Structure formats: C-alpha cells, structure tokens
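Architecture and fold: a report
Here is what each chain is made of, one letter per residue.
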Amino acid sequence: MSMGRERYEAYEHDRRYLAGGISAPSRINPALGGPLLIERGDGPRLFGADGRTYLDFHNGFGSTLLGHNHPAVRRAIEQVLDLGIVAGAETVYQARLAARICELVPCAEQVRFAMSGSEATNAAIRLARTATNRSKILKFEGHFHGLHEHVVFSAHPPVRDAKPGELLPPLVESAGVPPAFAAHVLVAPWNDLAAVEWACAEHGDDLAAVVMEPINYNSGGIPAEPDFLRGVRELTRDRGTVLIFDEILSGFRTGTSCAQGYYDVTPDVCLLGKAVANGAPISVIAGRREVMAAFSPTGGAAMSGTYSGHLFGVLAALATLDELSAPGRYDGPDGIYAIAERLYDGLREVFARRGVRCRVQGLGARFGLFFGLDPDIPVCTYQEAARHDASLLKRFVRAAIENGVYFHTYDMALGHHGFSTAHTARDVDEALDRIDAACRVGLR
Ligand SMILES: Cc1ncc(COP(=O)(O)O)c(C=O)c1O
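Attention in this report is confined to the structure presented alongside it. Every chain begins its residue count from 1, and numbering advances along the sequence as written. Since the coordinates come from a predicted model, pLDDT governs what is reported: local features require at least 70, and pairs of side-chain atoms require 80 or more to be given and counted, while whole-chain, interface and lining totals use all residues. Where side-chain values are given, they derive from all heavy atoms of the structure, hydrogens and water being excluded.

1. A short note on helix α10 (residues 311–324)
- Helix and strand definitions follow DSSP, with helices as H or I runs of at least four residues and strands as E runs of at least two, each counted in order from the N terminus. Here the expected span of a helix is defined as 1.5 Å times the quantity of residues minus one. When the terminal C-alpha atoms of α10 are compared, their 19 Å separation across 14 residues agrees well with the 20 Å that a helix rising 1.5 Å per residue should span.
- Across the 14 residues of α10, 11 count as buried, placing the element largely inside the fold.
- Turning to α10, its buried residues are Leu 311, Gly 313, Val 314, Leu 315, Ala 316, Ala 317, Leu 318, Ala 319, Thr 320, Leu 321 and Leu 324.
- Those residues of α10 that are buried are in contact with α3 (71–82) and α4 (92–104). In this scheme, a residue with accessible area under 20% of its type's maximum is buried, one over 50% is exposed, and one in between is partly exposed, where area comes from a 1.4 Å probe on protein chains only. Note on contacts: a residue pair qualifies if any of its non-hydrogen atoms lie within 4.5 Å across the two residues.

If you want it as structure tokens, here you go:
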C-alpha cells in the first residue's frame, strides 16, 4: 500500500504539468472524480496503483479485444524492436497487412494507414469530397467520429422532442471551431430513413458522404435496423454519395468481417482502429479501389504522415487478426457470442434481483447499460438512450469499482462497455458476483 501511496504522491505532483491535469480528458471517470491510476494490465484484469485488481469492462475504450498483454501482440511488438523500430519506413509488412484486411473486410479493395481514429475519419471525409467533388457530409445524432472540425457535431446532444423524418441542426461540441464548418454538416436521427431520404433529395448534388457507426456503440450500443441500413446503401449508391462505415469501434466485435459482414451491407469506405491492433496505435481507411484512388499519389486528396503505417501498429494488427481469425473465436463454446450471452443475461438477472432498473443491450463484444430505462424495451434511437439516468449510472459504476469491477463513464456521453476474448466464463461469473454485491447494498 505504501508503494501505492508514493505513486499517488508522485502523480499528484507531476500532473500539474499536464494541461488540465490529465493526459486525455476522457480518462477522467466522473464516478471517481478523476482517473483510475493504472500500473499494468494482464488478460481481463487491470492492476491499479492503489494495489487493487479490477476485472476490466472498459478495455481501453474498446481497443484491447484480446485482453491486455496478449502474448502474440507482445511478440509482434518485440519483433518491431528487433527490426530497429525504423519509423517512417516502407517495409513488406504494411502491404501484407493491407492484403490481410482486404481478405477479411468486405468493402476493402485497397487500404491506407493512419495513427488514430480521428485521423482516419478526417482522411476519409477528404477522400469522399475529392472522389465526388462535393462538400457536404451527413452524420447521425449520437454518433462519434473523433474531435476534428468536420465531425465534432451532435455526438452527445441534449434531449429534444423527437420529430422523425427531419434533419437536425448540427450542434458543435468544442470551442474553437469556426461556424463555417457547420455549413457542411447535416445531422439526421439514427435509424430514420425518411430523414436520409430528405437529405438526399435536398442536398444530394452536394452530398459527398454519409458517415455512420453501423452499430452505434458510442451511444451505448444501438444497432442499425437492417432495413434502414439497406435503404441508406441504396440511396447513397443512387446519388453517387460515398457511404462510410466508421467501424473504429464496431470493427471485429461481431466477427472478422466487422459490422458490414454482420449486416451484409457493404459501404464504399470503412474505417478501422482500436481492436484492429489490440491497443497498438494504428487506424485504417479501407475501401473500393475506385474511391481509394482519390488519395495521393494517384488522386488529389493529400494524405500521408511520418507515422502512417508505423510498424508497432502494423505488426500488432497482423498478430491480432490472426488471433481473431482462429476457429471458435466468435462462435465456439468459449467464443465471443457465448461469453456475451452469459454476461448480458447475468447482468439482467442481477439487476432484476436487486431491483435496479436497467436495460442491458449488447451486440457481440460490446454493450450498453441504460439505467432508468425499461429492461424489456429495445433502445433504437439516440433520443431514447439520452433519457437514461446518468446519476444512477455513476452510482453503479462507483459501486462496481469499489467491488473490483471497472466500468468507465463520461460526463456528457452515455459510454459503452465491453469484454475481451481473455474474459472466461469464470471471469464473467466472478464479475457478476461482484456486481451483485455492489447492487445488494444499494447504489448510493
Ligand atoms: C466510432 C469512432 N470513431 C472515431 C473515434 C476516434 O478515434 P481516436 O480516439 O483513436 O481518435 C472513436 C473513438 O472513440 C470512435 O469510437
């Protein structure tokens, strides 16, 4: 414990040199009033600087789908060290990873690499604008695509009176964004095909891209309705608009063909990040050859970077994709779907037993907890999700953490939770017991 105290004292001293006292504001867990200070992670567990161990249902914002410290990913990173790191170098590995992604992901005919999800969404929007020679983009209420100027709108807007079929004003969610950016953004309610039809009819000639999370995990976990997704695909194809699936969070949660394979709806371009390299920094822009040709050097859309296709991410991704492609990974008796069922059903039982009103809604390896909402009614729109009880969520997360189970919350956003392939049935049962104990004493 004294080791822990020293660590905390050093941290409290040094954090004065971090802007705002934190290296990324999203690491603050409002249920704790600050970040959980981590020493290390292993498999499904996080080891805190407080000397305590936590079963992890955050997974590094969804990046560690194979769990922490996975041996194959570790070996891949060690291989990069052996290669001398050689940042900014073209090697055989980038092309090999591109070929692997094209094997697995339906829309991928060609690939470009970047470092972060935000960088990928930025590049994809420029790509779509170049390929179509148009400027507007349509995004959806409650969908998060990073924090740059083109997309920092209406990811976590307030509750409003829902009027289906109408476009919504883009609400900027950062200071410092000149109003001119909003003029290029349209916002539609999620799962509302009439609103997309309206956008295409009114703005189709200038609509470069429709961008969406095909499973809206950033609002907890709101799947696309299949007819809606097929409808958007048809509309965008008819109008020559680039359909972009932002699969930075949904990628590999439901299978190696990502959400597009799960729904059997193929976009023109998709973005991958997070789980693709199990926590190593890399993002991917993948799409139809004809659209991808708009990137330089073949096309006019400038896109390059010192760290584009950095070997840490590339080799980690090759190892991760091999692991995720192993037989039984998704459908086996210990696979992602079996663990998901055990966890989601178990959570429903605990909440019912302890009288906690909560809708548990998951698809594949990620899920939402909508406290205060009817457990039996599916959440299909952002506006339904936004009516959740944020205070009860925080009280739950605090109690779970006190009982050794880590969930993350945000101040503004609803948040999303998940598990990794390192979580066994036993780990799930242990977590459920701990969550039961957290709920038993009441959520203060
Ligand atoms: C769907 C989606 N797109 C983009 C991003 C931005 O990714 P990054 O944080 O790597 O910039 C995120 C991050 O949470 C995301 O969930």
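2. Topic: the pairing of strand β14 (residues 366–371)
- Burial within β14 is extensive, with six of its six residues counted as buried.
- What you see with β14 is no split at all: Arg 366, Gly 368 and Phe 370 on one side and Phe 367, Leu 369 and Phe 371 on the other are buried throughout.
- Between any two strands, at least two bridges found by DSSP are needed for them to pair. Alignment of strand β13 (residues 358–363) against β14, held across six bridges, turns out to be antiparallel. Each bridged residue has a counterpart across the sheet, and for Arg 359 the counterpart in β14 is Phe 370.
- Counting the residues in the hairpin turn of β13 and β14 gives two residues, including Gly 364, whose phi is positive at 65 degrees.
- By the bridge criterion, two bridges tie β14 to strand β16 (residues 417–418) in an arrangement that is antiparallel. The residue of β16 that forms the bridge with Arg 366 is Gly 418.

3. Digging into the sheet that holds strand β2 (residues 45–48)
- An order of β1-β2-β3-β15 is seen for the four strands of this open sheet, with the pairing classed as mixed. Either end of the sheet is taken by a strand with one partner, and the two such strands are β1 (38–42) and β15 (405–406).
- Pairing of β1 with β2 involves four bridges; the strand directions are antiparallel. Residue pairing for β2: Asp 42 is matched across the bridge by Arg 45.
- Across the sheet, helix α14 (residues 425–440) is in contact with β2, β3 (53–56) and β15; its angle to β3 comes to roughly 110 degrees. To obtain an axis, a line is fitted to C-alpha atoms, over the contacting stretch when the element is a helix, and the angle between two such axes runs from 0 to 180 degrees between their N-to-C directions.

4. Side note on unusual backbone geometry
- For the bond running from Ser 296 to Pro 297, omega is 10 degrees, close enough to zero to count as cis.
- The residue Phe 61 is not glycine, and still its phi comes out positive at about 55 degrees.
- Its place among the elements puts Phe 61 in helix α2 (residues 59–62).
- Positive phi is not limited to glycine here, since Cys 258 has a value of about 65 degrees.
- Mapped onto the elements of the fold, Cys 258 is located in helix α8 (residues 258–263).

5. Some details on the packing of aromatic side chains
- Note on ring pairs: Phe, Tyr and Trp rings are taken, using the six-membered ring of Trp, and paired if centres are within 6.5 Å. Classes follow the plane angle, with under 30 degrees stacked, over 60 edge-to-face and the rest tilted. Inspection of the entire model under this criterion finds 13 aromatic pairs.
- On the numbers, 5.6 Å between centres and 75 degrees between planes, the contact of Phe 351 with Phe 371 is edge-to-face. Placement of Phe 351 in helix α11 (residues 336–353) and of Phe 371 in strand β14 is noted, with a sequence separation of 20 residues between them. By the burial criterion, Phe 351 is buried, and Phe 371 matches it.
- Plain terms: the ring middles of Phe 396 and Phe 407 are 5.4 Å apart, the flat faces sit at 55 degrees to each other, and that makes the pair tilted. One end of the pair, Phe 396, is in helix α13 (residues 390–402); the other, Phe 407, is in the loop between β15 and β16, and 11 residues separate them in sequence.
- Residue classification places Phe 396 among the buried positions, given a relative accessible area of 0%.

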